[in-house]
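Examination of the molecular architecture
As a plain string of letters, each chain reads:
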Amino acid sequence: MSLLCNTGDWFTLGQGNAFRKIELYTMEWPGSINLEHMRVYAAPYGGPIAVVKDPKLFVKLDGGASTRPIIRIFNCVGKLLSSINWDCGNLVTLGWSDAEELIGVQDDGTIFLHDMFGNFVHKFSVGKDVTDVADARIFTSASGTGVAVMTSGFKIYILNNIKDPKSRPLSELLNLTSSLTCWEMVCKDRTTSCLLASGNEITLVRHGDNAFTNTTPAMRHDYQSISLLAVSFDHEHVALLTNTGCLWMGSWDLKRKYCEFATGRQEQANQLVWCIDGSTGPDGQAVIVCYAHLLLVVGASGESSVYTYDTPVALIPEMDCVRVLTNYCHELVQRVPPSTSKIFGINISEPASFLFEAHRKFRDRSHQSDEYLCLIQHRLPAAVADCVQAAGHEFDPSTQKCLIQAAYFGKSFLSGYDCADYITMCRTLKVLNVLRDRNVGIPITIQQFNHLQPVVILDRLVFRKYYGLAIHIAKYLKLQETRILEHWAFQKITHDKNDDEVARKIAAKFSSAGLREPMSYANVADKAQQIGKTKLAITLLEMETKKKLQVPLLLKLGACEKALIAATQSGDIDLIYMAILEMKNTTALAKFHMTIRRYPLAQNLYKKYCQLNSLSTLKDIHSQEDDFLSQAELALREALQLGNLDASIPDISGNYRKAGKPVEADLADETKKLIRHQKLLQDKYQKDFFGLALHAMVRKLLQLGDQRYAEKLKSEFRMSDRRFWWLRVQTYADNYQWEELEKLGRAKKSAIGYEPFVEVCLAKQNVTEAKKYLPRCYADAATIAFMQKDIDSLLKIHDHCNDSALMAKVENMIGQLSSKK
């Protein structure tokens with residue numbers, strides 16, 4: 001069926017290939033702008049437009065100096081964004097990078113980059129040997145935005161990425177002459193190639209090729225030369241226009257011919273561009289030939305359509321359309337999307353068309369709505385999907401609304417319908433309409449929007465300083481707002497003079513952003529530091545909550561004490577050490593020590609650092625603080641490590657006493673006496689006594705048989721009798737001196753009892769000797785049992801005892817305990 005809606009500007013180029021022209025804006029050019037005298041360089045994806053006077057029309061001033069060009073940059077509505085007075089060398093060409101930076105190529109091989117507001121960004125040279133550039137091309141490569149230049153000697157140099165400018169000659173074997181009429185760059189399969197037209201031949205040259213062949217495109221019409229070459233936006237197709245007005249269309253490698261079309265026009269065309277729809281096939285593609293006041297649109301089938309204008313025309317190729325710029329209006333030419341054609345096409349009987357008509361009848365309260373729905377009952381999901389897709393391709397909000405309402409109407413009859421695509425489209429359309437508004441002036445299609453992705457769109461809004469709009473869109477699409485707020489803060493820092501007011505505004509904006517995580521001030525502070533606003537940077541960093549970002553930047557800014565405070569508050573040992581060491585390297589030593597004393601955690605960590613790396617520094621710290629206890633402990637530790645304990649003992653003892661540690665001081669004094677004895681014994685016996693404890697020294701003397709000296713040490717160091725007896729018993733047993741052990745047991749009452757005597761004998765497997773001490777053990781056991789009133793134990797002792805005197809004593813004890821019961 002036919003639904004004649006928004007089809008007034010449709011035209012067909014072959015069976016099923018409908019194209020349309022849409023008016024985007026009426027232009028607001030200043031009165032001085034007339035495209036007839038201008039060259040237009042527009043960025044794709046609705047980007048800015050650079051306009052400069054055609055250098056062929058420059059006039060000579062008195063004195064022989066030529067006027068310098070003025071580059072004016074506009075948005076897509078014709079609103080002036082900035083102007084650049086080009087006061088450098090002679091300008092060869094202009095273009096735009098994928099980051100919307102204006103690229104200017106000079107004849108001396110210098111390439112300049114400016115942003116859309118005319119601010120200088122960067123410059124570099126093609127190469128030392130390239131000083132006479134005659135022509136240049138700016139193109140999109142696999143690596144980014146590339147630049148190719150041709151010298152006056154017909155040598156071509158290529159830079160595949162302006163962000164990493166490394167030039168290379170195209171081919172040393174290439175021998176070009178003045179017969180070269182046009183050339184273009186092609187990027188396929190990550191390889192950059194060049195199409196060169198000379199006479200009626202075209203040469204395809206790749207970097208590093210040792211051999212290449214010339215191709216003469218087959219045409220039915222005779223011609224002498226090729227005047228224009230055009231490569232499609234996706235680098236899949238090539239078109240050429242001959243000097244006789246014959247148009248040839250084919251694949252990028254010239255191996256496949258789509259069609260040949262005789263324009264019948266002999267005048268020189270201004271532009272030749274492809275109008276593609278994003279598909280790789282040639283059937284739906286077209287080429288637009290731009291003359292002074294006429295556009296000739298030619299399809300791959302050989303059919304054509306003509307549009308005439310009252311003013312000069314400039315064409316801007318896009319990934320899925322061509323924008324047309326005139327003195328009065330800004331238009332768009334594109335192939336009609338399939339979903340749109342299914343609804344509004346002539347003699348169409350597609351489900352989407354019936355659904356759209358059903359909804360229209362429903363609004364008119366007509367029963368025919370149900371009849372249309374019955375026709376597409378089983379194809380309703382496809383109809384809803386087509387209506388949703390068609391709404392995305394429309395520029396008119398009222399048409400979008402009709403299509404979305406038709407889709408909404410249709411999905412209400414579907415059970416289990418997934419609304420994700422429908423909701424996404426509604427959100428996308430709202431964003432697209434805001435972007436296309438003439439106050440913003442970014443007329444991108446939905447295909448371009450999906451290709452760039454919302455994050456890039458937000459970046460472009462930020463670069464245009466539409467911060468409020470970018471934040472609203474980010475919230476609406478549930479995207480992160482951090483980069484937008486940071487860029488806004490960068491602008492505030494750069495352009496506002498009152499630092500205190502800037503810090504207050506930034507803090508207020510960041511705190512009211514309503515983000516899930518607090519905004520970081522680190523990047524903003526770093527930006528402030530880069531432009532020399534150190535005080536502002538420090539103020540901003542004091543509001544940073546992430547200490548790992550705050551501390552390094554504070555140190556970089558020279559605010560070492562603030563960095564130390566932040567580091568100690570974090571409790572992060574690595575950050576504290578970073579702050580301490582940086583402060584130590586950049587601050588006077590006395591001031592450093594005075595500062596660090598105020599922060600106990602930092603001071604303790606610094607002491608630990610000095611303990612591992614500089615004991616002399618640690619001594620100085622303890623001395624300055626009158627920390628006698630630490631001085632004593634450090635001196636003791638150092639003396640033990642160096643083996644110089646004897647010389648250090650007086651200082652150690654004195655410091656312990658000053659610190660109020662008399663016990664430790666006495667131990668230090670006794671240690672000194674012990675070392676003196678060790679030296680004497682070392683000289684006397686020529687054996688190693690150094691480092692032995694008192695217990696080990698006495699035992700060693702007993703083993704050497706010097707009991708007299710052992711008793712002297714016992715007396716001098718107040719060793720207990722029990723310990724001394726134990727040492728004697730163990731030493732005699734170790735030396736198998738059983739007679740000496742027996743004399744010891746008989747000499748006087750043992751201070752440790754007689755059980756140890758038995759144990760050491762048994763340990764040496766001398767049972768006979770052990771039996772000698774059993775009676776004394778029984779006597780002790782009987783006494784203890786009697787004291788504890790343990791009759792059972794006394795009975796056991798009585799049974800095992802062989803000594804009649806002891807048995808009588810035990811019987812007496814048993815009798816006493818029994819009588820008490």
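Residues numbered from 1 in each chain as written. Predicted model: local features only at pLDDT ≥ 70, side-chain atom pairs only at ≥ 80, totals over all residues. Heavy atoms only, no water.

Considerations on the overall build of the protein chain
Scanning the protein chain from terminus to terminus reveals 31 helices and 29 strands. Of all 821 residues assigned to the protein chain, the portion counted as buried reaches 47%. For the protein chain, the computed accessible surface area is about 41,000 Å², with 49% contributed by carbon and sulfur atoms. (Helix = DSSP H or I, 4+ residues; strand = E, 2+ residues; numbered from the N terminus. Buried < 20%, exposed > 50% of the residue type's maximum accessible area, 1.4 Å probe, protein only. Areas by Shrake-Rupley, 256 points an atom, 1.4 Å probe, with all protein chains shown as cover.)

A look at the sheet that holds strand β27 (residues 314-317)
Ordered in space as β1-β2-β29-β28-β27, the 5 strands form an open sheet in which the pairing is antiparallel. What marks the edges here is a single partner per strand, and that holds for β1 (10-12) and β27. Shown here is a sheet whose adjacent strand axes are inclined to one another by a mean of 25 degrees, direction ignored. Summarising the sheet, strand β28 (residues 322-325) and strand β29 (residues 329-335) pair through 4 bridges and their orientation is antiparallel. Bridge assignment links Val322 to a residue of β29, and that residue is Val333. (Pairing = 2+ DSSP bridges. Axes fitted to C-alpha atoms, helices over the stretch in contact; angles between N-to-C directions.)

Here's the deal with the nonpolar core
Ranked by size, the top nonpolar core spans 92 residues in total, and within it Leu355, Leu435, Ile506, Leu540 and Ile580 carry the most contacts. Among the elements that take part in this core, helix α4 (residues 380-392) stands out by supplying 7 residues, more than any other. Residues contacting Leu355, with those up to four places away along its chain left out, are Leu373, Ile376, Leu380, Ala383, Val384, Cys387, Ala406, Phe409 and Gly410. Core analysis: the second largest hydrophobic core is formed by 20 residues, Leu241, Trp274, Val289 and Leu296 among them. (Core = buried A, V, L, I, M, F, W, Y, C linked by side-chain atoms within 4.5 Å. Contact = heavy atoms within 4.5 Å.)

Some thoughts on helix α16 (residues 573-586)
For α16, which comprises 14 residues, the first-to-last C-alpha distance of 20 Å matches the rise-based estimate of 20 Å (1.5 Å per residue) to within 8%. Of the residues making up α16, those classed as buried are Leu575, Ile576, Ala579, Ile580 and Met583. Along the axis of α16, the buried residues cluster in a sector spanning 135 degrees; they form a single face. Exposed and oriented more than 90 degrees from the buried face of α16 are Asp574 and Asn585. Residue Asp572 occupies the N-cap position of α16, its side-chain oxygen lying 3.0 Å from the main-chain nitrogen of Asp574. (Expected span 1.5 Å × (residues − 1). Arc of directions from axis to C-beta. Polar contact = N/O pair within 3.5 Å; in protein donor to acceptor, adjacent residues only side chain to side chain.)

Description of helix α10 (residues 482-495)
Structural remark: α-helix, 3.6 residues per turn; residues separated by three or four positions point the same way. The terminal C-alpha atoms of α10 lie 20 Å apart, and with 14 residues this matches the ideal 20 Å at 1.5 Å per residue to within 8%. Of the residues making up α10, those classed as buried are Ile484, Leu485, Glu486, His487, Trp488, Ala489 and Ile493. Considering only its buried residues, α10 is in contact with α8 (454-463), α9 (467-476), α11 (499-511), α12 (522-530) and α13 (534-541).

A look at the sheet that holds strand β17 (residues 201-206)
One open sheet holds the 4 strands; their spatial order is β15-β16-β17-β18, and the pairing between them is antiparallel. Either end of the sheet is taken by a strand with one partner, and the two such strands are β15 (180-188) and β18 (214-215).

Points about the environment of Thr494
Residue placement: Thr494 occurs in helix α10. Sequence-wise, Thr494 and Ile531 are 37 residues apart; in three dimensions their C-alpha atoms are separated by 7.6 Å. Apart from the residues lying within four places of it in its own chain, the contact partners of Thr494 are Lys527 and Ile531.

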